[in-house]
Amino acid sequence: MNNTARVPEERRRTARVLVGSTEAQLADLWRTWTDRPAIEYLRGPESGLVMVQGRTGGTGDRFNLGEATVTRATVAVRDGRSETVGTAYVLGSHPEHAALAAIFDGMLDSAARDRVMTEVIEPLEREQALRDHQAQKNARATVVDFFTVARENDGFGADDDEDDE
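Everything numeric here is computed off the predicted structure, so don't read it as measured data.

Peer 1: Go over the overall build of the protein chain, please, and point to the residues and values.
Peer 2: Secondary structure assignment for the protein chain yields six helices and three strands. Reading the protein chain from its N end, one meets helices and strands in the order α-α-β-β-β-α-α-α-α. In the protein chain, which comprises 165 residues, the share counted as buried stands at 28%. Long-range pairs, those at least 24 residues apart, make up 58% of the contacts in the protein chain between residues at least 6 apart in sequence. A total of about 11,000 Å² of accessible surface is found on the protein chain, and carbon and sulfur atoms cover 51% of it.

Peer 1: Go over the sheet that holds strand β3 (residues 83-91) with me, naming the residues and quoting the values.
Peer 2: The sheet built from three strands is open, its strands ordered β1-β2-β3 with antiparallel pairing. The outermost strands of the open sheet, each flanked by one partner alone, are β1 (38-55) and β3. Strand-to-strand twist across the sheet, computed as the mean angle between neighbouring axes with direction ignored, equals 20°. Relative to strand β2 (residues 62-78), β1 runs antiparallel, the two sharing 15 bridges. When the sheet's bridge partners are listed, R55 is paired in β2 with R62.

Peer 1: Can you tell me about the packing of helix α1 (residues 8-20) against helix α4 (residues 113-140), naming the residues and giving the values?
Peer 2: As a packed pair, α1 and α4 sit with axes 9 Å apart at the nearest point and diverge in direction by 65°. Here α1 is positioned roughly perpendicular relative to α4, judged by the angle of their axes. When you trace α1 past α4, the crossing you get is left-handed. On α4, the residues that touch E10, R13, T14, R16, V17, L18 and G20 of α1 are R113, M117, V120, I121, E122, L124, E125, Q128 and R131. Residue classes in the contact of α1 with α4 are distributed as six nonpolar, three polar and seven charged.

Peer 1: Can you break down the nonpolar core residue by residue, with the values?
Peer 2: Counting residues in hydrophobic clusters, the biggest one holds 23 residues, and the most contacted among them are L18, F104, M107, V116, V120 and I121. Listing elements by their share of this core, those giving two or more residues are α1, α2 (23-31), β2, β3, α3 (95-107) and α4. The element best represented in this core is α3, accounting for seven residues. Residues contacting M107, with those up to four places away along its chain left out, are W30, W33, P37, V77, T84, A112, R113 and V116.

Cut-offs applied
Residues numbered from 1 in each chain as written. Predicted model: local features only at pLDDT ≥ 70, side-chain atom pairs only at ≥ 80, totals over all residues. Heavy atoms only, no water. Helix = DSSP H or I, 4+ residues; strand = E, 2+ residues; numbered from the N terminus. Buried < 20%, exposed > 50% of the residue type's maximum accessible area, 1.4 Å probe, protein only. Contact = heavy atoms within 4.5 Å. Areas by Shrake-Rupley, 256 points an atom, 1.4 Å probe, with all protein chains shown as cover. Pairing = 2+ DSSP bridges. Axes fitted to C-alpha atoms, helices over the stretch in contact; angles between N-to-C directions. Parallel < 35°, antiparallel > 145°, perpendicular 65-115°, else oblique. Left-handed = near helix turned anticlockwise from the far one by under 90°. Nonpolar A, V, L, I, M, F, W, Y, C, P; charged D, E, K, R; others polar. Core = buried A, V, L, I, M, F, W, Y, C linked by side-chain atoms within 4.5 Å.

Take it as geometry only, folks, not as evidence of what the structure does.
Given below as structure tokens:
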């Protein structure tokens, strides 16, 4: 087995991009991938429930918020020269998405790393950043400044005659 370990920050980044993409995006990328490695499922894809916890005020005591469905997959990726393992957890019941994300995750620790970064991770990351920017822009358009509203509405409902006395 090849133990070319990625640093935790990069692993978080690539995992976030892979699970933040759509199943269709990953399927299209895999469908057009040349020189596919051999894939063996070590686990799954399988769905289950996880307990989601929250924190009071974001930093306080933990509490159980509820359960969420998660699909996970673990695959061995063999390219003839090395074998790596890829794992993915996807929110919801999406076995194909989890499997494809696990495959690309495994390929990130193989000789195909640079190609996966260039052709998969970076384009998906740019697309997700644009989507997130647009969502933030749309959300900002609906923000109400209640202090401004209060100042603008100061005097509404007040009896104007009382000011003249």
